[in-house]
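# Commentary on secondary and tertiary structure
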Amino acid sequence: MEKSFLQIARAAYQPKLPKALQGPVKAKEGAPTQSVGNQEEIKAEFPNTYGMPVIEFVEGEAQQLPPYNVGVILSGGQAPGGHNVISGLFDGIKTLNPDSKLYGFILGPGGLVDHNYMELTADIIDEYRNTGGFDIIGSGRTKLEEIEQFEKGIEILRKLDIKALVIIGGDDSNTNACVLAEYYAAKKYGVQVIGCPKTIDGDLKNEQIETSFGFDTACKTYSELIGNIQRDCNSARKYWHFIKLMGRSASHIALECALQCQPNICLVSEEVEQKAMSLDEVVTYIATAVAKRAEQGNNFGTVLIPEGLIEFIPAIKKLIAELNDVLATDEAKTVERSEQIDFVRRSISAENLAVFNSLPAEVAAQLALDRDPHGNVQVSLIETEKLLSKMVADKLAAWKAEGKYVGKFAAQHHFFGYEGRCAAPSNYDADYCYSLGFNASRLIANGKTGYMSIIKNTTAPAAEWIAGGVPITMMMNMERRNGKNKPVIRKALVELDGAPFRYFAAHRDEWAEKTEYVYPGPIQYFGPTEVCDQPTCTLKLEQNK
Ligand code: FBP
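What comes next concerns the included structure. (Residues numbered from 1 in each chain as written. Predicted model: local features only at pLDDT ≥ 70, side-chain atom pairs only at ≥ 80, totals over all residues. Heavy atoms only, no water.)

## A look at the site of the ligand
What counts here: The rule for a residue being near a molecule or strand is that one of its heavy atoms must lie within 4 Å of it. Here a polar contact is taken to be a pair of N or O atoms separated by no more than 3.5 Å, where protein atoms must pair a possible hydrogen donor with a possible acceptor and residues adjacent in sequence count only if both atoms sit in side chains. The protein chains shown are the only cover counted for residues, whose accessible areas, like all others here, come from Shrake-Rupley with a 1.4 Å probe. As a working rule, the residues Ala, Val, Leu, Ile, Met, Phe, Trp, Tyr, Cys and Pro are called nonpolar, Asp, Glu, Lys and Arg charged, and the rest polar, with Gly in that last group.
Taken together, 13 residues lie near the ligand, and Gly-77, Arg-141, Asp-201, Tyr-418 and Arg-421 sit nearest. Within the side chain of Thr-199, one N or O atom sits 2.9 Å away from an oxygen atom of the ligand. At a separation of 2.5 Å, an oxygen atom of the ligand approaches a polar side-chain atom of Tyr-418. For the ligand, the accessible surface in isolation is 490 Å², of which the surrounding protein chains cover 79%. The class makeup of the residues in the shell around the ligand is three nonpolar, four polar and six charged.

## Let's talk about helix 7 (residues 171–186)
Cut-off, in case you're wondering: In this text, helices come from DSSP runs of H or I with a minimum length of four residues, and strands from runs of E with a minimum of two, each type numbered from the N-terminal end. Expected span, for any helix, means 1.5 Å times one less than how many residues it has. Any residue under 20% of the maximum accessible area for its type is buried, any over 50% is exposed, and the rest in between are partly exposed; the area is computed with a 1.4 Å probe on protein chains only.
With 16 residues, helix 7 extends 22 Å between its outermost C-alpha atoms, agreeing within 8% with the 22 Å of an ideal straight helix rising 1.5 Å per residue. Looking at helix 7, one finds that the buried residues are Asp-171, Ser-173, Asn-174, Thr-175, Asn-176, Ala-177, Cys-178, Leu-180, Ala-181, Glu-182, Tyr-183 and Tyr-184. Of the residues one or two after helix 7, Lys-188 is the one with positive phi, at around 55 degrees.

## Here's the deal with the sheet that holds strand 8 (residues 240–245)
To keep things clear, this is the line we draw: Should DSSP find at least two bridges between two strands, the strands are taken to pair. Contacts: residue pairs with any heavy atoms within 4.5 Å of one another. To define axes, lines are fitted to C-alpha atoms, for helices over the stretch in contact only, and angles between the resulting N-to-C directions are given on a 0 to 180 degree scale.
Strand order across the open sheet formed by four strands is 9-10-8-11, with parallel pairing between neighbours. A single partner strand is all that each edge strand has here, and the edge strands are strand 9 (265–266) and strand 11 (411–416). Across two bridges, strand 9 lies against strand 10 (residues 301–306) in parallel orientation. Residue pairing in the sheet places Cys-266 in a bridge with Leu-304 of strand 10. The sheet strands contacting helix 9 (residues 252–261) are strand 8, strand 9 and strand 10, and the helix crosses strand 10 at an angle near 155 degrees.

## Focus on the sheet that holds strand 6 (residues 162–169)
Read across the open sheet, the nine strands follow the order 1-2-13-12-7-6-3-4-5; overall the sheet is mixed. Each having just a single partner strand, strand 1 (25–29) and strand 5 (117–119) make up the two edges of the open sheet. For this sheet the average axis-to-axis angle between neighbouring strands, irrespective of direction, equals 30 degrees. Two elements, strand 3 (residues 69–74) and strand 6, share six bridges in a ladder whose sense is parallel. When the sheet's bridge partners are listed, Asn-69 is paired in strand 6 with Ile-162. Docked against the sheet, helix 3 (residues 82–96) engages strand 3, strand 4 (102–105), strand 6 and strand 7 (192–197), running at close to 175 degrees with respect to strand 3.

This is the structure:
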């Protein structure tokens, strides 16, 4: 495989480990835990894995294990650092017994069910250290939730003599990891299941998990691009750039990029929902800022838009909920595609029809026609950045006719998501991920199951990081999914009373009016620590650093 010079230099990087993981460890156990909500129901669902203590690893006696084979799965969307979780896990199990083997299941959880796997040997691992991507074994979105899948899984785990499985995924995948851990514990199959917190979206975090891996690198990559656009914007002074950012539903990525780049406008879906804003109010908010800058002769600017915005506008959320119901009926299935928009108009309530009719034709069509495999509206396909800029242009034209606006408005559109998901991990993610993987091996060695690997205190130098495990049931509550109450890990949305949002809210009016862009530049892997080792602004503000 031909390699770039950076790849070659980066392969030699030795990720840092917390001091506690640098030698033999013992598990210091806390008090029994409770789930974050619906304690009785969660306890009933997880009789074997509920209530276990939080664990912290501290210095202990040297441990030698008999050979202990481990399996690993990458689940869901790519996030920078996945390869380092795997290399940390590999190094961790080898320090406990060099004869232990690591098996990777190919293309996500489906690889376990379909018995599609490969052994990850030292040569293979070395090719992937400190690289972005999940290509070492691939990833997939198959949900592990049926008993038949668990039973297919145990067949191959037994065949390969695998005693522990590490599932690297987001909130849903870790929920499924917990269900699998409970099932194998109840059946006394002798297989441990450990989770690792992954997702660029940053929405798998709570009291115990500081951040999900990949968020740091992805946001730094997008911030570099946004900074570059801002320089261009401030040089040409003729465009408004509408930039949509990934993060399926929560706005953490958009907010973090705003903190790093100080754009003129950043929308935060959670605030739009809390203020019950209509689409027209969102458009008026942007158009007002555009008009104000135009008064000073500044016909340019940047607008950050979180991917999930549209679903957080209460009126549209209600419309989507009814569309999902209406389009799931037997009658809907018999309707020709060309008739579908009329069918929708006939079938929905008057209130939702008014909202539907107010949308630009192509958005209404997208909502009525395109569904995902579960039958849901594919909100992420809606080009919100184009929708908003068109509606802003229309509003400004109307204001111009009324003599209320005197500027020029021309827009450019961008969507950043895939550009950052496989970037080479920043030092933060390289160290954090390696530590998460290495730490998972210690949870396994200590006989734990139904735990998530956690590393805390990550705004401090890596040596001071705290390593341990949290029972996954502790993060769960009951939520309604597909018409049923289900135990799930609570998703973390942007907290409007949290420090990151408060900092943003205190500065945004100034950023909107003046041009106070910050240009973060590309991620640096070599150089002064204040350039290379900064955690995200979100994390620093959350931890008051
Ligand atoms: P995960 O939650 O699985 O980590 O995925 C995150 C994400 O990148 C979202 O930001 C985005 O909406 C989605 O995946 C895109 O999914 P896909 O890769 O299937 O297009």
